[in-house]
Amino acid sequence: MLSEAQIQEFRENGCLLVSGIFSDDELDRLEKEFDGIIERRLANKAQLDATWEGSWKKGQPKTQILHTHDVQAYSAEWAKVLVHDRFTEVISELMGSPNVQLHHTKLFQKPQEKGSGFPMHQDYPYFPHENHTMMAGIIHISDATEEMGCVRVYPGTHKQGPLPCFEHNHLNPEEWPLEKATSCPAKRGDVLFFNYLTIHGSGINASDRLRKTVLVQVRDPLDKPLEDTHRSHAQGLIMRGVHPLQGEAVAVGTLGSGVSEAAPSVPS
Ligand SMILES: O=C(O)CCC(=O)C(=O)O
């Protein structure tokens, strides 16, 4: 589905915005289910605020963001996204692997006027892997303009490898200010793909519109986790292709391909 130029851009910048993966009908159904997940979880008294901690918030107004992991556990329409042909084809092309495996999913709703931003960070420290194939696709269910707190990136930073963290897995805001990062405004339906080493974050939603996104984090099934951390519902699901290891019981546990032998031992 992608051109060679788009694939090259992803390799160079560590990120790429892609349009036209989902049809309008699909987006309507996904938005309805997105709203339903939040409504049902709130009605069942789930605590959904997930504003990140840290000194990066100093001087900012009080903000809020609604969040839930595991959308596929709440809605079949969202489960279908995980094996959606065009979506997984694009991931496969960008990752350079015929096989794509789920790590986790995450819904964010940034409320109007007070929707929390995210400090600049790499996703690597949250779930480090051996070969750095891990990447995310942020599916935009609403538009995300700069005023709505769209994602911002430092293009090309995936090439620097894992960087030292400042606090709570974030980078030093003085070294990596949000304001100097490149904005990635998106239209409803656009998907922003980025490698888990690409430095990214986002601003506050100061607009009068809700910003709705679902992030799908994926890897090559042969890329092994370096730590037993960040387990999630359906982790290890093969979204495209196959799990190429034939001798291992891949369905056991949630880590799929198992933790790297080079890593510290994993509690059983
Ligand atoms: O959706 C956003 O504004 C940023 C999300 C993000 O940086 C993350 O989940 O790692």
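Residues numbered from 1 in each chain as written. Predicted model: local features only at pLDDT ≥ 70, side-chain atom pairs only at ≥ 80, totals over all residues. Heavy atoms only, no water.

Remarks on the overall build of the chain
To keep things clear, this is the line we draw: Helix and strand definitions here come from DSSP, where helices need a minimum of 4 consecutive H or I residues and strands a minimum of 2 consecutive E residues; each element is numbered from the N-terminal end. Both definitions apply: the radius of gyration is a C-alpha atom measure, and the globule rule equals 2.2 Å times residues to the power 0.38. Exposure categories follow from relative accessible area, calculated using a 1.4 Å probe and restricted to protein chains: below 20% of the type maximum is buried, above 50% is exposed, and the middle band is partly exposed. Accessible surface area values rest on a Shrake-Rupley calculation with a 1.4 Å probe, where residue burial reflects the displayed protein chains alone. Positive charges come from Lys and Arg, negative ones from Asp and Glu, while His and the chain ends are left out of the count. The atom standing in for a charge is NZ when the residue is Lys, CZ when it is Arg, CG when it is Asp and CD when it is Glu.
Tallying secondary structure elements over the chain gives four helices and 11 strands in all. Its C-alpha atoms give the chain a radius of gyration of 18 Å, near enough to 18 Å, the size a compact globule of 268 residues would have. On the principal axes, the C-alpha backbone points of the chain span a range of 55 × 45 × 40 Å. Counting the 268 residues in the chain, one finds 53% classified as buried. For the chain, the accessible surface area stands at approximately 12,100 Å², while carbon and sulfur atoms represent 50% of it. Across the chain, the 26 positively charged side chains and the 36 negatively charged ones have centroids separated by 4 Å.

Points about the state of the cysteines
Applicable threshold: Disulfide: a pair of cysteine sulfur atoms within 2.5 Å of each other.
Taken as a whole and judged by the stated rule, the model has zero disulfides. For the unlinked cysteine Cys 15, the closest cysteine sulfur is that of Cys 184, found at 5.4 Å. Cys 15 provides the cysteine sulfur closest to Cys 165, a residue in no disulfide bond, and the two sulfurs are 20 Å apart.

What to know about the sheet that holds strand E4 (residues 118-121)
Within a beta sheet, neighbouring strands are joined by backbone hydrogen bonds and run either parallel or antiparallel to one another. Quick note on the threshold: For two strands to be treated as a pair, DSSP must find no fewer than two bridges joining them.
Across the sheet, four strands lie side by side as E4-E9-E6-E7; this open sheet has antiparallel pairing. Of all strands in the sheet, those bounded by a partner on one side alone are E4 and strand E7 (182-183). Bridging between strand E6 (residues 151-154) and strand E9 (residues 199-202) involves four bridges; their strand directions are antiparallel. Following the sheet pairing, Val 153 is matched in E9 by His 200.

Structural notes on the site of the ligand
For the record, the criterion: The near set for a molecule or strand comprises every residue that places at least one heavy atom within 4 Å of it. For the purposes of these results, a polar contact is taken to be a pair of N or O atoms within 3.5 Å, where, inside protein, one atom must be able to donate a hydrogen and its partner to accept one; residues adjacent in sequence count only when each atom of the pair is a side-chain atom. Each residue is assigned to one of three groups, with Ala, Val, Leu, Ile, Met, Phe, Trp, Tyr, Cys and Pro labelled nonpolar, Asp, Glu, Lys and Arg labelled charged, and all others, Gly among them, labelled polar.
Around the ligand, the surrounding shell consists of Lys 106, Phe 108, Lys 110, Phe 118, His 121, Asp 123, Val 151, His 200, Ser 202, Arg 211 and Leu 215. Take Lys 106: an N or O atom from its side chain is 2.7 Å from an oxygen atom of the ligand. In isolation the ligand has 290 Å² of accessible area, and contact with the protein removes 99% of it. Secondary structure elements with two or more residues in the shell around the ligand: strand E3 (100-110), E4, E9 and strand E10 (211-219). Of the residues forming the shell around the ligand, the biggest block, three residues, is contributed by E3. In terms of residue class, the shell around the ligand is built from four nonpolar, three polar and four charged.

A word on the nonpolar core
Defined as follows: Side-chain atoms within 4.5 Å link the members of a nonpolar core, which is a set of buried Ala, Val, Leu, Ile, Met, Phe, Trp, Tyr and Cys residues. Residue contacts are counted whenever heavy atoms from the two residues lie within 4.5 Å of one another.
Ranked by internal contacts, the top residues of the largest apolar core, which has 36 residues, are Trp 78, Phe 87 and Phe 193. Not counting chain neighbours up to four residues away, the residues in contact with Trp 78 comprise Leu 30, Glu 33, Phe 34, Ile 37, Val 71, Gln 72, Ile 139, Ile 141 and Val 214. Val 151, Val 153, Cys 184 and Phe 194 belong to the second-largest nonpolar core, a separate cluster that totals nine residues.

With respect to the confidence of the model for the chain
Parts of the prediction with low pLDDT should not have their coordinates interpreted in detail. For clarity, the cut-off: pLDDT: the predictor's confidence for each residue, scored from 0 to 100.
Here the chain shows a mean pLDDT of 92. Residues at 70 or above account for 91%. Per-residue pLDDT stays below 50 along residues 252-268; that stretch engages in 39 contacts with residues further than four places along the chain or on separate chains.

Comments concerning the pattern of salt bridges
The following threshold applies: Salt bridges are defined by distance alone: a side-chain nitrogen of Lys or Arg within 4 Å of a carboxyl oxygen of Asp or Glu.
Taken as a whole, this structure holds 13 salt bridges when the rule is applied. Residue Asp 28 pairs with Arg 188 through a salt bridge whose shortest N-O separation is 3.3 Å. Within this pair, whereas Asp 28 is found in helix H2 (residues 24-43), its partner Arg 188 is found in the loop between E7 and strand E8 (191-195), the two being separated by 160 residues in sequence. Asp 28 sits in the partly exposed class, given a relative accessible area of 44%. Given the relative accessible area of 28%, Arg 188 is considered partly exposed. A single salt-bridge network, built from bridges that share partners, covers Asp 28, Glu 31, Asp 35, Arg 188 and Lys 212.

So, the environment of Asp 123
With respect to the helices and strands, the residue Asp 123 is situated in the loop between E4 and strand E5 (135-140). Between the C-alpha atom of Asp 123 and that of Asp 220, which follows or precedes it by 97 residues, the distance is 16 Å. In terms of polar contacts, Asp 123 uses its side chain to reach the side chain of His 200, at 3.3 Å.

Quick notes on the pairing of E10
Summarising burial for E10: nine of the nine residues are buried, a large majority. Here E10 shows two buried faces, one formed by Arg 211, Thr 213, Leu 215, Gln 217 and Arg 219 and the other by Lys 212, Val 214, Val 216 and Val 218. Here E3 runs beside E10; their pairing, made up of nine bridges, is antiparallel. Of the residues in E10, the one forming a bridge with His 104 is Gln 217. As paired strands, E5 and E10 are joined by six bridges and run antiparallel to one another. Looking at E10, one finds that Ile 138 is bridged to Leu 215.

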